[in-house]
Amino acid sequence: MFAQNAELRFGTVSNFGREGAFTAQVTINNNSSLALPKGEGNWRIYIHSVKRILSSDSAEFTFKHLQGDLYELSPTDKFPGLTSGKSLRFPYVARGHIVSYSDFMPRAFIANTAGDAAVFANTDTENLEAFVDPFIKPEQFLRFDTPKDFYSVVTTKSRYHTNMAINQLDVDTEHVKIVPTPKNVTYSKGSAQIDNRWVIIEVGGLAFESGYLQKRLHDAGLSLEKRVSTNIPKQQVIALSVDKKLADSAAYELNITSEKITVSAGTATGVFYGVQSLLSLLPVEKATVQSVPALRVFDEPRAEWRGMHYDLARNFHGKEAVMSLVEQMGRYKLNKLHLHLTEDEGWRIEIPGLPELTEVGAFRCFDLTETTCLMTQLGNGPSKTAVGNGYLTAADFTEIIKFAAQRHIEVIPEIDMPGHSRAAIKSMEARYKKLMASGQQAAAEQYLLSDPQDKSRYMSVQSYSDNAANVCLPSTYEFIEKVTYELQQMYRKAGQKLTVFHMGGDEVGAGAWTASPACTQLFANNDKGVAGVADLKPYFVQRVSEMTNKRGLDLMGWEDGLMYDPNNTFNRNQLFNKRVIANAWDNIWEAGVADRAHRLANNGYDVVISGATHLYFDHPHEASAGERGYHWATRYTDLAKVFGFMPDNLYANADRTFIGNDITNLNGLVGRILPPLKNPEHVLGMQGQVWTETIRTAEQLQTMIFPRVIVLAERAWFKAEWESDSPDVSKRATDWREFAATLVAKELPKLEQSGVKFYLPPPGGIRVNNQLSANSSLPGIGIEYSLNNGKDWVQYQDKVDVGTGQVLLRSRLHSVVSNTATVD
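Below you will find a few notes about this structure. In this numbering scheme, every chain counts its residues from 1 along its sequence in written order. For this predicted model, a pLDDT threshold of at least 70 governs which residues receive local features, and a threshold of 80 or more governs which side-chain atom pairs are given and counted, while totals over whole chains, interfaces and linings are taken from all residues. Based on all heavy atoms of the structure, the side-chain values leave hydrogens and waters out of the count.

### Notes on the overall build of the chain
What counts is decided by this rule: The helix count covers DSSP runs of H or I at least four residues long, the strand count covers runs of E at least two residues long, and both are numbered beginning at the N terminus. Computation of the radius of gyration draws on C-alpha atoms, with the globule rule given as 2.2 Å multiplied by the number of residues to the power 0.38. Exposure is judged per residue with a 1.4 Å probe applied to protein chains only, and the accessible area is read against the type maximum: over 50% gives exposed, under 20% gives buried, and values in between give partly exposed.
Looking only at helices and strands, the chain has 20 helices and 34 strands in total. Taken over C-alpha atoms, the radius of gyration comes to 28 Å for the chain, in line with the 28 Å a tight globule of 824 residues would show. Principal axes of the C-alpha set define a box for the chain whose edges measure 85 × 75 × 55 Å. A buried classification covers 59% of the 824 residues belonging to the chain.

This is how it looks when you write it as structure tokens:
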């Protein structure tokens, strides 16, 4: 009853005045008829704070860090009580800065000592403004004042002036564009008018590709017969065939004349990509006659690895969210889906024989003993049925593998160890307790990932002190062997082969294993040359390498999981796998670690460029308090920024520092010459990433990924003329406007038809002499305005008289609308 009517709110007080810290507050407004009694009581309040709380000046409450983002607020003997109609504020200091609504987490709750819990109703929502105070002052929406924050928060006025530049560019609208851009395309006069008299013919071995084309054409309004034949008619036919002269497995030729369409490639993969290019030419509108321009395409990808990473471990969004992502990846010729299946906050894949991994590790709830679930995290509150909980069954995962393989996408499973392993550790501890209670000590210890005698003290980046699997226990490697075996079985059931095992390996908390008896014994035995704590990470990687190599697998990890420190990689010759692949992700330019990609490639590792400053899609779309996402690597990542990324010219991407200064001399900024890339053959390609700490629903997931992933696909497939160490900025801007126009005209409407949610940038606008002028960063997007606080919306045409009152703006594309913006 109290939580239903009382209100709990968060607010940023100031990011200024404290280096590396900010001040904030929790406010409780007692709108209920019940009172909280004076003094210490049998109740506690629990809040989620991803920013580590350092201290509080409150004498009435004690802030206690439990694990991760969960804090317990306990009333002290000085608590004055909270009667009906009264309010109390509790200030605190936390690490970092907080500049957006999504930096605060929903579903704060109150519980008694018996374990009964209730969520504060006003926080039980994804409308974050319902429980977060507005960001209205510079000290609230800027990150710091010493040094000065040069990333200005956007306004409708600043958007308007930024958009002016792109809107003034001329673009080529003569030809229908294929997305992603082909390597070589020649347009001819005329077009093919496809109607139901046309026939799809494949010469054999292309059953999925021809069936896929048939279905997609049916969705476009056409009902074409499909045949298998070596006798191909000369007219009204779409012919799919394998031509062994095309050596690259992804290369294809597409030839369209008024009478015939042919797609040929050296493999079924290339044919599939040719089919996608043909479909990309189709108009958005469904019709019984579809016109595509006459042209000839010779195409192949720039990069072998064109990937998307999806963290479904922090928050789980369901099997359909994965399938939807796979479907769209296939349409844009991406070929690697990196699934982050395990984390501190959740284990999301069923492993036969280890039911605790999903019974306990796939759910978060209010159980501080963690015997029935993990401790609640990331704003999902006390309920085990809350948003973010769940897992993929083995059958689900097999279905995803098969579905992806049909679309020529390889699924890369990541089991993140030895750091980021809390869900696995706690699940195996629950298993241990259960089996020990029945007297099965050997079975209980078989897969244990933690040593009860380990007194090591550490704190991970995400504020966990118990998330590092003990690399000195033999049972840790039995666990990895078991999980890898079961994953291989799932791939085999899907008719596929697991080829890459991603071990994670990143962000192990400093201090882990320093007081572990098992590790002390390992040092004493000098097993495999392990003399001290610094040898433990390479020892772990070497053991996993040997294990996976015996299973015929390549090994993959995040860059810091394959390095002693920012400058020194592990000895590649001591790892057994034919390929060891690194995700190069940490590229905050002034930190001096953006050269890790080159260091790893030069030392024999294969590298996938995954830079956080441009390719992390959990960062905001723009610098605004209303935009979702983290901002530790950059203040924002918009579509133009992704489009301008150059994977072959890594250092040329250095645009701005973390505080927002322009970078003109990267070597001067870091104080040394950055190493050149000596072995470019070891750079496999590039990959986008989405981490889901702030992404709790499937719709939120899609609006963070789309349409940025389409732009990613463009850069991964096609190398533009302007890409160089000194890029042609003018040509890049023109190319971006043409690409943006194509997004609006074709790709975004097709996403909408597929049921995919996507992000639209809010418009810019200025008011001069009571006249409204508005524009968009995406040419062709509709703009609407409201003069009555959003009750009614009117389509904006040109300068319009709006008076002196409040004016709201939003973008619209069919049924999709942007966030609302207020004209300054």
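Alright, that's what it looks like, and here's the rest.
### What to know about unusual backbone geometry
For residues that are not glycine, phi is negative in most cases, and the peptide bond is trans in most cases. Going from valine 179 to proline 180, the amide bond is cis rather than trans, its omega being 0°. Its location among the elements puts proline 180 in the loop between α3 (156-167) and β10 (184-194). In this structure, the amide linkage connecting methionine 417 to the following residue, proline 418, adopts the cis form with an omega of 0°. Mapped onto the fold, proline 418 is located in the loop between β21 (410-417) and α9 (422-437). With phi around 55°, asparagine 769 is a residue other than glycine that occupies positive phi space.

### Topic: the state of the cysteines
Put simply, the test is: Cysteine sulfur atoms are paired as a disulfide whenever they fall within 2.5 Å.
One pass over the structure, following the stated rule, counts two disulfides. Shown here is the disulfide that connects cysteine 365 with cysteine 373, its sulfur atoms set 1.8 Å apart. Note on the cysteine 365 and cysteine 373 pair: the S-S dihedral is about -80°, so by sign convention the disulfide is left-handed. Cysteine 373 gets classed as buried once you look at its relative accessible area, which sits at 0%. There is a disulfide in this structure between cysteine 472 and cysteine 519, and the S-S distance comes to 2.1 Å.

### Structural notes on the nonpolar core
In globular proteins that are soluble, nonpolar side chains generally tend to be buried together. What counts here: Only buried Ala, Val, Leu, Ile, Met, Phe, Trp, Tyr and Cys residues count toward a nonpolar core, and they belong to the same one when joined by side-chain atoms within 4.5 Å. Two residues form a contact once any of their heavy atoms are found within 4.5 Å.
Within the largest apolar cluster, 165 residues are counted, with the highest numbers of intra-cluster contacts made by Ile238, Leu254, Ile261, Trp347, Phe397, Phe479 and Trp736. Filtering out sequence-adjacent residues up to four positions away, leucine 254 remains in contact with Ile261, Thr262, Val263, Gly274, Ser277, Leu278, Leu281, Leu295, Arg296 and Val297. Ranked by size, the runner-up nonpolar core spans 35 residues in total, among them Leu8, Leu36, Phe61 and Ile98.

### Describing the sheet that holds strand β5 (residues 61-67)
Backbone-to-backbone hydrogen bonds pair the strands of a sheet. The strands run either parallel or antiparallel. Put simply, the test is: Strands qualify as paired when DSSP identifies two bridges or more between them. Helix axes are fitted only over the stretch in contact, all axes being lines through C-alpha atoms; the angle between N-to-C directions runs from 0 to 180 degrees.
Pairing within the open sheet is antiparallel, and its five strands lie in the order β5-β6-β3-β8-β9. Edge positions in the open sheet fall to β5 and β9 (117-119), since each of these has one partner strand only. Here the strands of the sheet are splayed against their neighbours by 25° on average, with no regard to which way each runs. Bridge count for strand β3 (residues 43-48) against strand β8 (residues 109-112) is four bridges, and the pairing is antiparallel. Its bridge partner lying in β8, tryptophan 43 is registered against asparagine 112.

### Focus: the packing of aromatic side chains
The line we're drawing: Between the rings of Phe, Tyr and Trp (Trp by its six-membered ring), a pair exists once the centres lie within 6.5 Å; its type follows the angle of the planes, with under 30 degrees stacked, over 60 edge-to-face, and the other angles tilted.
If you walk through the whole model with that rule in mind, you get 33 aromatic pairs. Plain terms: the ring middles of tryptophan 558 and tryptophan 691 are 5.4 Å apart, the flat faces sit at 45° to each other, and that makes the pair tilted. Residue tryptophan 558 is found in strand β23 (residues 554-558), and its partner tryptophan 691 is found in the loop between β26 (683-690) and α18 (698-705); the two are separated by 133 residues along the sequence. Judged by its relative accessible area of 1%, tryptophan 558 is buried. Here the aromatic rings of phenylalanine 643 and tryptophan 736 are separated by 5.2 Å at their centres, their planes lie at 50°, and the arrangement is tilted. Here phenylalanine 643, found in helix α16 (residues 639-643), pairs with tryptophan 736, found in helix α20 (residues 729-753); they are 93 residues apart in sequence, far enough to count as distant. Neither phenylalanine 643 nor tryptophan 736 differs from the other in exposure class; each is buried. Linked through ring pairs, Phe208, Tyr212, Phe272, Tyr273 and Trp717 together constitute an aromatic cluster.

### Observations regarding the packing of helix α19 (residues 708-717) against α20
As a reminder, the rule being used: Angular relationships are summarised with four words: roughly parallel below 35 degrees, roughly antiparallel beyond 145, roughly perpendicular across 65 to 115, and oblique for the angles in between. Rotating anticlockwise by less than a right angle from the far helix to the near helix defines a left-handed crossing, while the corresponding clockwise rotation defines a right-handed one. The residue classification treats Ala, Val, Leu, Ile, Met, Phe, Trp, Tyr, Cys and Pro as nonpolar and Asp, Glu, Lys and Arg as charged. All others, Gly included, are polar.
The geometry of α19 relative to α20 is characterised by a closest axis approach of 11 Å and an angle of 125° between their N-to-C directions. Viewed along their axes, α19 and α20 adopt a mutual orientation that is oblique. As for the relative orientation of α19 and α20, their crossing is right-handed in sense. The segment α19 lies against α20, with Ile710, Val711 and Glu714 engaging Trp736, Phe739, Leu743, Glu747 and Leu751. Within the contact of α19 with α20, the residues separate by chemical class into six nonpolar, no polar and two charged.

### Quick look at the packing of helix α11 (residues 474-493) against helix α13 (residues 536-550)
Where α11 contacts α13, the two axes come as close as 11 Å, and the packing angle between them is 35°. For the crossing formed where α11 meets α13, the hand is right-handed. Between α11, through Tyr477, Ile480 and Glu481, and α13, the contact on the second element is made entirely by Tyr539, Phe540, Arg543, Val544 and Met547. Split into classes, the residues belonging to the contact of α11 with α13 amount to six nonpolar, no polar and two charged.

### Quick notes on helix α4 (residues 207-219)
The condition that has to hold: By this rule, a helix spans an expected 1.5 Å times one less than how many residues it contains. Think of it as the arc spanned by the lines of direction from the helix axis to the C-beta atoms.
Given a rise of 1.5 Å per residue, 13 residues ought to cover 18 Å, and the 18 Å separating the end C-alpha atoms of α4 matches this to within 8%. Taken together, the buried positions of α4 are occupied by Glu209, Ser210, Tyr212, Leu213, Arg216 and Leu217. Seen from one end, α4 has its buried residues packed into an arc of 160°, which puts them on one side. Exposed and oriented more than 90 degrees from the buried face of α4 are Ala207 and Lys215. Lining the buried residues of α4 we find β11 (199-202), β12 (225-228), β13 (237-242), α5 (268-280), α6 (319-331) and α8 (394-406).

### Some words on the environment of alanine 121
Its location among the elements puts alanine 121 in the loop between β9 and α2 (138-141). Among the residues examined, alanine 121 registers a relative accessible area of 28% and is labelled partly exposed. Put simply, alanine 121 and serine 87 are 34 residues apart on the chain and 17 Å apart in space, counted from C-alpha to C-alpha. Apart from the residues lying within four places of it in its own chain, the contact partners of alanine 121 are Ala3 and Gln4.

### Structural notes on the side chain of histidine 317
This is how it is decided: Throughout this description, a polar contact denotes any pair of N or O atoms lying within 3.5 Å of each other; where both atoms belong to protein, one of them has to be capable of donating a hydrogen while the other can accept it, and for residues adjacent in sequence the pair is counted only when both atoms sit in side chains.
By secondary structure assignment, the location of histidine 317 is in the loop between β17 (305-311) and α6. At a separation of 2.7 Å, a polar atom in the side chain of histidine 317 contacts the side chain of tyrosine 310. In this structure the side chain of histidine 317 is engaged in a polar contact, spanning 2.9 Å, whose partner is the backbone oxygen of isoleucine 695. Apart from the residues within four sequence positions on either side, histidine 317 is in contact with Tyr310, Thr692, Ile695, Arg696, Thr697, Ala698 and Leu701.

### Observations concerning the side chain of serine 786
Inspection of the secondary structure puts serine 786 in strand β29 (residues 782-786). Engagement of the side chain of serine 786 in a polar contact is seen with the backbone nitrogen of glycine 790, the distance being 2.8 Å. Excluding anything up to four places from it in sequence, serine 786 contacts Lys791, Asp792, Trp793, Gln806, Val807 and Leu808.

### A closer look at the sheet that holds strand β16 (residues 290-299)
Strand order in this open sheet of seven strands is β10-β16-β14-β15-β13-β11-β12, and the pairing throughout is mixed. In the strand order of this sheet, the two ends are held by β10 and β12, each with one partner. Looking at each pair of strands side by side, their axes are set apart by 20° on average, direction ignored. In terms of strand pairing, β13 meets strand β15 (residues 260-265) through six bridges, oriented parallel. The residue of β15 that forms the bridge with valine 237 is lysine 260. Set on the sheet, α5 makes contact with β13, β14 (252-256) and β15; between it and β14 the angle comes to about 35°.

### Quick look at the pattern of salt bridges
Between side chains of opposite charge, a pair can form as their charged atoms come close. Threshold: Note on definitions: salt bridges are taken to be side-chain nitrogens of Lys or Arg within 4 Å of carboxyl oxygens of Asp or Glu.
Here the structure, examined in full by the defined rule, presents 43 salt bridges. Between arginine 579 and aspartate 554 there is a salt bridge, with its nearest N and O atoms 3.2 Å apart. On the criterion of sequence distance, the pair formed by arginine 579 in the loop between β23 and β24 (580-584) and aspartate 554 in strand β23 is long-range, its members being 25 residues apart. Given the relative accessible area of 22%, arginine 579 is considered partly exposed. Linked through salt bridges whose partners overlap, the residues forming this network are Arg302, Asp648, Arg715, Lys719 and Glu723.

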